[in-house]
Amino acid sequence: MMVTIEVNGRQLTVKQNLSVLQACLENDIYIPNLCFMEDMPHPPASCRLCFVEVAGMQRPVTSCTVKVAPAMVVKTDTPAVRRLQRSGLRFLLSVHHVDCQNCPANKNCELQRLARFLKIGLKPKHLENHLQDIAIVENHAYLTYYPNRCVLCAKCIHACRMSHGHSLISFVGRGFNTSLSFAGICDFEQTACNTCRSCADICPVGALVLKTACER
Ligand code: SF4
Ligand code: SF4
Ligand code: FES
């Protein structure tokens, strides 16, 4: 079944089971997002970037977690929405080692795109920096993980699960100490990683990198 919603004054007729984010993206209305994936049944809503205003709701909501409904009225570009998106991005940058010249994602990086879209620098002035010195993870045969570039979007975990039926990588730790772990992957599974690469391909930044790419 289809429903009609209004977004920024435009009428959109979309499938009723879509999230507001999907409905907008499918109709070329861009909403900043980092952790959304088309086929993820339960979006983690962890990046806190995809805010929109919905008439009748007191506060902006994350558009990846709200389903479209008949006659819904949505605004994607209000000052309140942009304020929240900028502070979400500033938070991500406050725990990010910005060193684009030495990063394989340079010029193909979602953080760079988001910063351009939201008109903030990658190293904003007066930014409180919470970056910790976390060691690069090298204990995988084919992958290198850079925790200080990871935005914890979970796309790699989901992509791995889609490729292998279960995920060979997982998050460990909590809050500021969360990072990815390859613990528990046996040699046979690591060998499978050599031809899979879905996690490194889906990573929106330069956090999960094929070792061959690092050596280039
Ligand atoms: S992940 Fe993106 S923003 Fe971070 S260093 Fe690499 S290119 Fe720069
Ligand atoms: S390694 Fe990349 S894809 Fe995985 S959680 Fe971090 S940023 Fe997301
Ligand atoms: S895309 Fe909605 S919170 Fe990340």
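Since the structure is predicted, the reported quantities are computational estimates derived from the model, not experimental observations.

Conventions we followed
Residues numbered from 1 in each chain as written. Chains lettered and ligands numbered in written order. Predicted model: local features only at pLDDT ≥ 70, side-chain atom pairs only at ≥ 80, totals over all residues. Heavy atoms only, no water. Helix = DSSP H or I, 4+ residues; strand = E, 2+ residues; numbered from the N terminus. Rg over C-alpha atoms; globule rule 2.2 N^0.38 Å. Buried < 20%, exposed > 50% of the residue type's maximum accessible area, 1.4 Å probe, protein only. Contact = heavy atoms within 4.5 Å. Areas by Shrake-Rupley, 256 points an atom, 1.4 Å probe, with all protein chains shown as cover. Pairing = 2+ DSSP bridges. Core = buried A, V, L, I, M, F, W, Y, C linked by side-chain atoms within 4.5 Å. Domains from an automatic or database assignment. Salt bridge = Lys/Arg side-chain N within 4 Å of Asp/Glu carboxyl O. Disulfide = S-S within 2.5 Å. Near = heavy atom within 4 Å. Nonpolar A, V, L, I, M, F, W, Y, C, P; charged D, E, K, R; others polar. Arc of directions from axis to C-beta. Phe/Tyr/Trp six-rings, centres within 6.5 Å; stacked < 30°, edge-to-face > 60°. Lys NZ or Arg CZ within 6 Å of the ring centre and 35° of its normal.

S.K.: I would appreciate a short explanation of the overall build of the protein in the present structure.
M.R.: Across its full length, the protein carries 7 helices and 9 strands. In terms of overall size, the protein behaves like a compact globule, its C-alpha atoms giving a radius of gyration of 19 Å where 216 residues would be expected to give roughly 17 Å. For the protein, with 216 residues in total, the buried portion stands at 46%. Long-range pairs, those at least 24 residues apart, make up 60% of the contacts in the protein between residues at least 6 apart in sequence. Total accessible area on the protein stands at roughly 11,900 Å², and carbon and sulfur atoms take up 52% of it.

S.K.: Whenever I open this one, the sheet that holds strand β1 (residues 2-7) confuses me. Can you help?
M.R.: Pairing between sheet strands relies on hydrogen bonds along the backbone, with the strands arranged either parallel or antiparallel. With respect to topology, 5 strands assemble into an open sheet ordered β2-β1-β5-β3-β4, the strand pairing being mixed. Strands at the two margins of the open sheet, each flanked by one partner only, are β2 (10-15) and β4 (61-62). Alignment of β1 against β2, held across 6 bridges, turns out to be antiparallel. Considered in β2, the bridge of Thr 4 is made with Thr 13.

S.K.: Explain the nonpolar core to me, please; I cannot follow it from the model alone.
M.R.: The nonpolar side chains of a soluble globular protein tend to be buried with one another. Membership of the largest hydrophobic core comes to 37 residues, with the highest contact counts inside it found for Leu 34, Leu 89, Leu 111, Ile 169 and Leu 208. A domain split of this core shows at least three residues from each of domain 1 (1-131) and domain 2 (132-216). Setting aside chain neighbours within four positions, we find Leu 111 in contact with Leu 34, Leu 89, Leu 92, Leu 93, His 96, Leu 122, Val 151 and Val 205. Counting residues in each nonpolar core, the second largest holds 23 residues, with Leu 21, Phe 36, Val 61 and Met 72 among its members.

S.K.: Explain the pattern of salt bridges here, please?
M.R.: Pairing between side chains becomes possible if they bear opposite charge and their charged atoms approach one another. Under the definition given, this model contains 2 salt bridges. Put simply, Glu 110 and Arg 113 hold a salt bridge, and the shortest N to O gap is 2.4 Å. Linking Glu 110 with Arg 113, this pair stays in helix α3 (residues 110-117), spanning 3 residues, or about one helical turn.

S.K.: Help me understand the state of the cysteines, please; the structure alone is not making it clear to me.
M.R.: Two cysteines whose sulfur atoms are joined by a covalent bond form what is called a disulfide. Summed over the entire model, instances satisfying the criterion amount to 0 disulfides. Not part of a disulfide, Cys 196 finds its nearest cysteine sulfur in Cys 160, a span of 6.3 Å.

S.K.: Teacher, can you tell me more about the site of ligand 2 here?
M.R.: Close to ligand 2 lie 14 residues, the nearest being Cys 150, Cys 153, Ala 154, Cys 156 and Cys 203. Of the residues assigned to the shell around ligand 2, the class counts are 14 nonpolar, no polar and no charged.

S.K.: Teacher, can you tell me more about the environment of Leu 21 here?
M.R.: Take Leu 21: it is sitting in helix α1 (residues 20-26). Those residues in contact with Leu 21, other than ones at most four positions away along the chain, are Ile 31, Asn 33, Phe 36, Cys 50, Ser 63 and Cys 64.

S.K.: Hey, could you run me through the site of ligand 1 in this one?
M.R.: Neighbouring ligand 1 are the residues His 96, His 97, Asp 99, Cys 100, Cys 103, Ala 105, Asn 106, Cys 109, Gln 112, Val 205 and Gly 206. Of the residues that constitute the shell around ligand 1, the class distribution is 5 nonpolar, 5 polar and 1 charged.

S.K.: Whenever I open this one, helix α5 (residues 187-196) confuses me. Can you help?
M.R.: Residues lying three or four places apart along an α-helix face the same way, a consequence of the helix completing one turn every 3.6 residues. Turning to α5, its buried residues are Glu 189, Gln 190 and Cys 193. Down the axis of α5, the smallest arc covering the buried residues is 100 degrees, so these residues share one side. Within α5, the exposed residues directed more than 90 degrees away from the buried face are Asp 187, Phe 188 and Thr 195. Two residues or fewer past α5, Arg 197 is found with a positive phi of approximately 70 degrees.

S.K.: Is there a simple way to explain the packing of aromatic side chains in this structure?
M.R.: Aromatic ring pairs are reported here in terms of the distance separating the ring centres and the angle at which the planes meet. For the structure shown, the criterion picks out 1 aromatic pair. Aromatic side chains Tyr 30 and Phe 117 sit 4.8 Å apart centroid to centroid with 80 degrees between the ring planes, which places their arrangement in the edge-to-face category. Residue Tyr 30 is located in the loop between α1 and β3 (51-54), and its partner Phe 117 is located in helix α3; the two are separated by 87 residues in the primary sequence. Across the ring face of Tyr 146, the terminal group of Arg 149 is positioned such that the distance to the ring centre comes to 4.0 Å.

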